[in-house]
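Residues per chain are reported as follows:
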Amino acid sequence: MEKKYVIAMDQGTTSSRAVLFDRQGRIVSMVQKEFRQIFPKPGWVEHDPMEIWSTQMGVTMEAIQKIDAKTDEIAAIGITNQRETTVVWDAETGRPVYNAIVWQCRRTSDMIDKLKADGMGDYVREKTGLVPDAYFSASKIAWILNNVDGAREKAEAGRLRFGTVDSWLVWNLTDGRVHVTDRTNASRTMLFDIHRLEWDKKLLSYFGIPESMLPEVVPSCAVCGGTDKFGGDVPIAGIAGDQQAALFGQCGFGPGDVKTTYGTGGFMLMNTGSDAVRSEKGLLTTVAASGEDSVQYALEGSVFVAGAAIQWLRDEMRMLRTSAQSEEYCRAVSDTNGVYIVPAFSGMGAPYWQQYARGTIVGLTRGVSKEHFVRATVESLAYQTNDLIRAMKEEAGMAISSLKVDGGASANDFLMQFQSDISDTRIERPSCVETTALGASYLAGLAVGFWADRDEIRRNWRCEREFYPRITPEERGKLLRGWDRAVKCAVYWAKEGEDDE
């Protein structure tokens, strides 16, 4: 039977999603399900790995059944995932030894302080391309081994396995036959030498992590196994961390291509080709998704809280019934009435890297309404993204004349217009904003010949809407000065945290 579809398993921070794409890169079926966010202590964030697996399987089966797709019509499965989130499980039972520690979790900040004090910071940057931070997987693995009863002994005996969420899904899809991760996810662990493309023994030794726990590292575009969970054998042929997948889905195949994703966090990537550019501006050097025949790199700026701030307004603050309602509130007022919100719920990422920073609200007066508060929160996504644009322009030494956007919050026209205004940049929003899932499907489809080459994929890209700057340089400068002052308040809090330590 003719192959008609590629499945993307898009396992995100707040939901599991499955998308079936056709040969034109169009969505033919999509199902999504949110799952629990677990907050055991302030600054701690966890997920239940079994719930990740069950929701991902559930939405995938439902997406297939929704259009009555046959297994032999499915060319391949591509997997994309929340990065850095750490799962450790028992290889004999297949059960996690602890909840997944999520990328946002700050419990290991003291380990990172010690790493820096031990003089390992430059080594981490040189080998991994990363800034030492609790954001990445290494310290999370070490925490589990040091704090879960019996974990260290089982690990030393070769019984435990570590994986980012992609590895956990592949393990379960293949009933434990395949333990792999791809280069993009490996590059986010703070244990992977991105130049030699291998696990770094010195870092493993420093964190006390047995190499037997680690998955085999494979290219992002390659068949690494197969699954019979859907009634017949389907190859697993593409894996990429969510942001690298989004860059690939936006056809960011060459040096200078830039995209930004407004997901739970905010992430900007610039393809730098075969050159692993070392950042001096707080950006990360990471591996980009590419085929088996080549390795490409990217500069990345990471904002820890973007769409999560809108969910906070909805779920914790109860200011919104739905996330989409935020646009209506933003348009109900002409400005924020002087309010700035820095949503540093989990510290601050690029270009600041202040792990002790916490959310800050400045400029409150008696006249501030709920609408002003919502608008200030939404605007914070654009301000943080603009911080990345400024850093990336300086780092790359080139202008960014246009920015391709994707992710859930990119559907907010108010936000996209404000982003264009504040960054003085043309914004291009594609017809399909599900570019993370699309990138995973493209990687898998290329590996099995569903798509012939990247030129065929480029022909699928369509621009749905462009946004152009509308405000004056004077207005832009005033707004940005206010944001910079607000950030200084959050950074001051971070410094107090360091003093307290």
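Here goes a summary of the coordinates provided. As a convention, each chain's residues are numbered from 1 in the sequence order in which they are written. For this predicted model, a pLDDT threshold of at least 70 governs which residues receive local features, and a threshold of 80 or more governs which side-chain atom pairs are given and counted, while totals over whole chains, interfaces and linings are taken from all residues. The side-chain quantities take in all heavy atoms of the structure and omit both hydrogens and water.

Attention shifts here to the pairing of strand S1 (residues 5–11). Exposure classes here rest on a 1.4 Å probe applied to the protein chains alone. A residue is buried below 20% of its type maximum, exposed above 50%, and partly exposed in between. The way it works is that DSSP assigns letters per residue, a run of H or I at least four long becomes a helix, a run of E at least two long becomes a strand, and they are numbered from the N terminus. Counting buried positions along S1 yields seven of seven residues, so the element is predominantly enclosed. Residues Tyr5, Ile7, Met9 and Gln11 of S1 are buried on one face, and the alternating residues Val6, Ala8 and Asp10, pointing to the opposite face, are buried as well. Note: two strands are recorded as paired if DSSP finds a minimum of 2 bridges between them. With seven bridges connecting them, S1 and strand S5 (residues 74–81) associate as parallel partners. What sits directly across from isoleucine 7, in S5, is isoleucine 77. For S1 and strand S2 (residues 15–21), the ladder comprises six bridges, and the chain directions are antiparallel. When the sheet's bridge partners are listed, valine 6 is paired in S2 with phenylalanine 21. Connecting the antiparallel pair S1 and S2 is a turn made up of three residues.

Here the focus is the side chain of arginine 107. When you line up the elements, arginine 107 lands in the loop between strand S7 (100–101) and helix H2 (109–117). For this analysis, a polar contact is any N or O atom pair within 3.5 Å, provided that within protein one partner can donate a hydrogen and the other can accept it, and provided that sequence-adjacent residues contribute only side-chain to side-chain pairs. A polar contact is formed between the side chain of arginine 107 and the side chain of glutamate 46, at a distance of 2.8 Å. For arginine 107, the side chain forms a polar contact with the side chain of tyrosine 98, separated by 3.1 Å. Any two residues having at least one pair of non-hydrogen atoms within 4.5 Å are treated as being in contact. Discounting residues that sit within four places of it in the chain, arginine 107 has contacts with Gly43, Trp44, Val45, Glu46, Tyr98, Ile101 and Trp143.

What holds strands together in a sheet is hydrogen bonding between their backbones, with the strands either parallel or antiparallel. Taken in spatial order, the six strands of this open sheet run S3-S2-S1-S5-S14-S13, and their pairing is mixed. Two strands in the sheet have a free side with no partner beyond their single neighbour: strand S3 (27–34) and strand S13 (221–227). Neighbour-to-neighbour, the strand axes of this sheet turn through a mean angle of 25°, independent of strand direction. Two elements, S5 and strand S14 (residues 234–241), share five bridges in a ladder whose sense is parallel. Each bridged residue has a counterpart across the sheet, and for threonine 80 the counterpart in S14 is alanine 240. A fitted line through C-alpha atoms serves as each axis, taken over the contacting stretch for helices, and the angle formed by two N-to-C directions is quoted from 0 to 180°. Contacting S5 and S14, helix H9 (residues 242–249) runs over the sheet at an angle of about 100° to S14. The sheet contacts of helix H14 (residues 435–448) involve S1, S2, S5, S13 and S14, and relative to S5 the element is tilted by about 135°.

Moving on to the sheet that holds strand S16 (residues 266–273). Reading across from one edge, S17-S18-S16-S15-S21-S22-S23 is the order of the seven strands in this open sheet, with mixed pairing throughout. A single partner strand is all that each edge strand has here, and the edge strands are strand S17 (284–288) and strand S23 (463–467). Averaged over all pairs of adjacent strands, the angle between strand axes in this sheet comes to 30°, irrespective of strand direction. Where strand S15 (residues 258–262) meets strand S21 (residues 402–406), three bridges bridge the pair, whose relative direction is parallel. Opposite threonine 261, over in S21, you have aspartate 406 as the bridge partner. Contacting S15, S16, strand S18 (296–303) and S21, helix H12 (residues 370–396) crosses the sheet at an angle of about 145° to S18.

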